[in-house]
Amino acid sequence: MPFYEHVYLARQDASAQQVEELTAQLKGVVEGLGGSIKKAEYWGVKSLSYRLRKNRKAHYTLMDIEAPPAAINEIERLERLNEDVLRYLTIRVEALEEGPSAMMRRAERDRDRDERRGDRFDRGDRFDRGDRFDRGDRGGDRFDRGDRGRDRGGRGAGDATAETATEE
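Residues numbered from 1 in each chain as written. Predicted model: local features only at pLDDT ≥ 70, side-chain atom pairs only at ≥ 80, totals over all residues. Heavy atoms only, no water.

Here's the deal with the pattern of salt bridges
A full pass over the atoms with the stated rule returns six salt bridges. Taking the shortest distance from any N to any O, the salt bridge between Asp13 and Arg11 comes out at 3.2 Å. For Arg11, a relative accessible area of 25% translates into the label partly exposed. Between Glu66 and Lys38 there is a salt bridge, with its nearest N and O atoms 3.2 Å apart. Within this pair, whereas Glu66 is found in strand S3 (residues 55-66), its partner Lys38 is found in strand S2 (residues 36-52), the two being separated by 28 residues in sequence. Salt bridges sharing common partners tie together Arg11, Asp13 and Asp84. (Salt bridge = Lys/Arg side-chain N within 4 Å of Asp/Glu carboxyl O. Buried < 20%, exposed > 50% of the residue type's maximum accessible area, 1.4 Å probe, protein only. Helix = DSSP H or I, 4+ residues; strand = E, 2+ residues; numbered from the N terminus.)

Here's what the structure looks like:
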């Protein structure tokens, strides 16, 4: 049987539990048609490059599938009908990748890097320079702008009343 890598994106409004239920439903369909899911990875909610159906983020899920083409056609048909699925992509591969996918390895690598670094604010060199957050040099060049509520004539709301008071 051929091997496939299948990724689908679910709406950000859907809960992680709903996404897991959808994955279980798709797994049942594949197994019912004589295939098997070798690996299913939930990658989490990630930002999209551009908006899809008014969504800026989506739940990403990867499935490694060994199944006949009819099973792939059926899960793609079900995903087209499901309102929670924004996009899907199925690629036929020669062999399935062993171990975690590249996305899961990246997340693991990032966690390891953060553990090695420790607390971000331990780096005192950023805050000791004094030029980053100390804006004392700007104190003299700013002037008091007074009331910012201005009408179309360019006068502040208090200017018109002051003129009428002096004219009387």
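Let's talk about the sheet that holds S2
With antiparallel pairing, the four strands of this open sheet are ordered in space as S2-S3-S1-S4. Each of the sheet's edge strands pairs with one partner strand only, and the pair in question is S2 and strand S4 (85-93). On average, adjacent strands in this sheet sit at an angle of 20° to one another, irrespective of strand direction. Note: strand S1 (residues 3-11) against S3, nine bridges, orientation antiparallel. Residue pairing for S3: Val7 is matched across the bridge by Leu62. (Pairing = 2+ DSSP bridges. Axes fitted to C-alpha atoms, helices over the stretch in contact; angles between N-to-C directions.)

Looking at unusual backbone geometry
Unlike most non-glycine residues, Arg53 shows phi in positive territory, near 50°. Residue placement: Arg53 occurs in the loop between S2 and S3. Exposure remark for Arg53: the relative accessible area of 54% places this residue in the exposed category. The residue Lys54 is not glycine, and still its phi comes out positive at about 65°. Position of Lys54 relative to the elements: it lies in the loop between S2 and S3.

Thoughts on helix H2 (residues 69-81)
A rise of 1.5 Å per residue sets the reference length of H2, with its 13 residues, at 18 Å; its end C-alpha atoms lie 19 Å apart and thus fit the reference within 8%. Residues of H2 that are buried include every one of Ala71, Ile72, Ile75, Glu76, Leu78 and Glu79, and no others. Seen along its axis, H2 keeps its buried residues to an arc of 160°; they face one direction. Turned more than 90 degrees away from the buried face of H2 sit Arg80 and Leu81, all of them exposed. Those residues of H2 hidden inside the fold are in contact with S1, helix H1 (16-32), S3 and S4. (Expected span 1.5 Å × (residues − 1). Arc of directions from axis to C-beta. Contact = heavy atoms within 4.5 Å.)

Topic: the environment of Gly35
Considering the arrangement of structural elements, one finds Gly35 in the loop between H1 and S2. Accessibility expressed as a relative area gives 12% for Gly35, which makes it buried. Residues Gly35 and Pro68, spaced 33 residues apart in sequence, show a C-alpha to C-alpha distance of 6.4 Å. Non-local contacts of Gly35, meaning those with residues more than four positions away in its chain, are made with Met1, Val30, Glu66, Ala67 and Pro68.

Brief notes about H1
End to end, H1 covers 24 Å across 17 residues, agreeing with the expected 24 Å (1.5 Å per residue, within 8%). Looking at H1, one finds that the buried residues are Val19, Leu22, Thr23, Leu26, Val29 and Val30. One face of H1 carries all of its buried residues, which in axial projection span an arc of 120°. What points out from H1, more than 90 degrees from its buried face, is the exposed set Gln17 and Gly32. Phi turns positive one or two residues past the end of H1, at Gly34, with a value near 90°.

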